[in-house]
Amino acid sequence: MLQRLASPALTSAIVDIFLEDLRQLPEPEQAALHKAAAGLITASAVEIASAHPLGAAEQAGLTQALSAAAGQALTFNFATDPALIAGVRAVVGECQLHANLADELAFFRRQINHD
């Protein structure tokens, strides 16, 4: 059912929520992001995968927001991964930020199997 709901518009809406959440990142999570960004080697880039291709404005928004949240200018690689269903996943060194349906569904699956 979720595959039928997945669309570039849903990915865009999830990106908007992700950007809003980045601006309000709690201090412990922001500290972890700072640490992960500081640990990147010079040639490393933040990997951002999206379920649908992102427009230039969305890429610029993610670049700005993640760099601000990490406390430093970062380099980015953007890729498309339809397996995410809708939304994005950002990998900053050892820190992963999930805002997509595939990871949310996996979280719920783990919770059900854990009980």
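Residues numbered from 1 in each chain as written. Predicted model: local features only at pLDDT ≥ 70, side-chain atom pairs only at ≥ 80, totals over all residues. Heavy atoms only, no water.

Draft legend 1. Representation of the packing of helix H2 (residues 8–23) against helix H4 (residues 56–70). Their axes nearest at 10 Å, the elements H2 and H4 cross at an angle of 20 degrees. In terms of orientation, H2 lies roughly parallel with respect to H4. Like other packed secondary-structure pairs, H2 and H4 cross with a definite hand, here left-handed. On the side of H2, the interface is formed by Ser 12, Val 15, Phe 18, Leu 19 and Leu 22, while H4 contributes Glu 58, Gly 61, Leu 62, Ala 65, Leu 66 and Ala 69. Per-class residue counts for the contact of H2 with H4 are eight nonpolar, two polar and one charged. (Axes fitted to C-alpha atoms, helices over the stretch in contact; angles between N-to-C directions. Helix = DSSP H or I, 4+ residues; strand = E, 2+ residues; numbered from the N terminus. Parallel < 35°, antiparallel > 145°, perpendicular 65-115°, else oblique. Left-handed = near helix turned anticlockwise from the far one by under 90°. Contact = heavy atoms within 4.5 Å. Nonpolar A, V, L, I, M, F, W, Y, C, P; charged D, E, K, R; others polar.)

Draft legend 2. The arrangement of the pairing of strand E2 (residues 76–80) in detail. Two elements, strand E1 (residues 46–50) and E2, share five bridges in a ladder whose sense is parallel. Each bridged residue has a counterpart across the sheet, and for Val 46 the counterpart in E2 is Phe 76. In this fold, the crossover linking E1 to E2 by way of H4 has right-handed handedness. (Pairing = 2+ DSSP bridges. Right-handed = clockwise from strand over helix to strand, strands pointing away.)

Draft legend 3. How the structure looks around the packing of aromatic side chains. A complete count under the given rule lists one aromatic pair for this structure. Summarising the aromatic geometry, the rings of Phe 76 and Phe 78 are spaced 6.1 Å apart at their centres and angled 20 degrees between planes, so their arrangement reads as stacked. For Phe 78, a relative accessible area of 28% puts it in the partly exposed group. (Phe/Tyr/Trp six-rings, centres within 6.5 Å; stacked < 30°, edge-to-face > 60°. Buried < 20%, exposed > 50% of the residue type's maximum accessible area, 1.4 Å probe, protein only.)

Draft legend 4. Here's a closer look at the nonpolar core. Counting 29 residues, the largest nonpolar core has Phe 18, Leu 22, Leu 33, Ile 48, Leu 66 and Leu 97 as the members making the most contacts within it. Only H2, helix H3 (27–38), E1, H4, strand E3 (87–92) and strand E4 (95–100) provide two or more residues apiece to this core. Once residues lying within four places of it in the same chain are set aside, the contact partners of Leu 33 are Leu 25, Ala 69, Ala 70, Val 92, Cys 95 and Leu 97. (Core = buried A, V, L, I, M, F, W, Y, C linked by side-chain atoms within 4.5 Å.)

Draft legend 5. Geometry of the pattern of salt bridges. The final tally for this structure, using the stated rule, is one salt bridge. Across the salt bridge formed by Asp 103 and Arg 89, the nearest N and O atoms sit 2.8 Å from each other. Separated by 14 residues along the polypeptide, Asp 103 in helix H5 (residues 101–114) and Arg 89 in strand E3 bring together distant segments of the chain. When its relative accessible area of 22% is taken as the criterion, Arg 89 is described as partly exposed. (Salt bridge = Lys/Arg side-chain N within 4 Å of Asp/Glu carboxyl O.)

Draft legend 6. Structural detail: the environment of Ala 69. Tracing the backbone shows Ala 69 in helix H4. For Ala 69, a relative accessible area of 4% corresponds to the buried category. With 34 residues separating them along the chain, Ala 69 and Asp 103 place their C-alpha atoms 21 Å apart. Aside from chain neighbours lying at most four places away, what touches Ala 69 is Leu 22, Leu 25, Gln 30, Leu 33 and His 34.

Draft legend 7. Spatial organisation of H2. Taking 1.5 Å of rise per residue, the 16 residues of H2 would be expected to cover 22 Å, and the 23 Å separating its terminal C-alpha atoms lies within 8% of that figure. Among the residues making up H2, those that are buried are Thr 11, Ile 14, Val 15, Phe 18, Leu 19 and Leu 22. When H2 is viewed along its axis, its buried side chains cluster within an angular range of 145 degrees and face the same direction. In this structure, H2 carries Ala 9, Ile 17 and Arg 23 as exposed residues pointing more than 90 degrees from its buried face. On the buried face of H2, the contacting elements are H4, E3 and E4. (Expected span 1.5 Å × (residues − 1). Arc of directions from axis to C-beta.)

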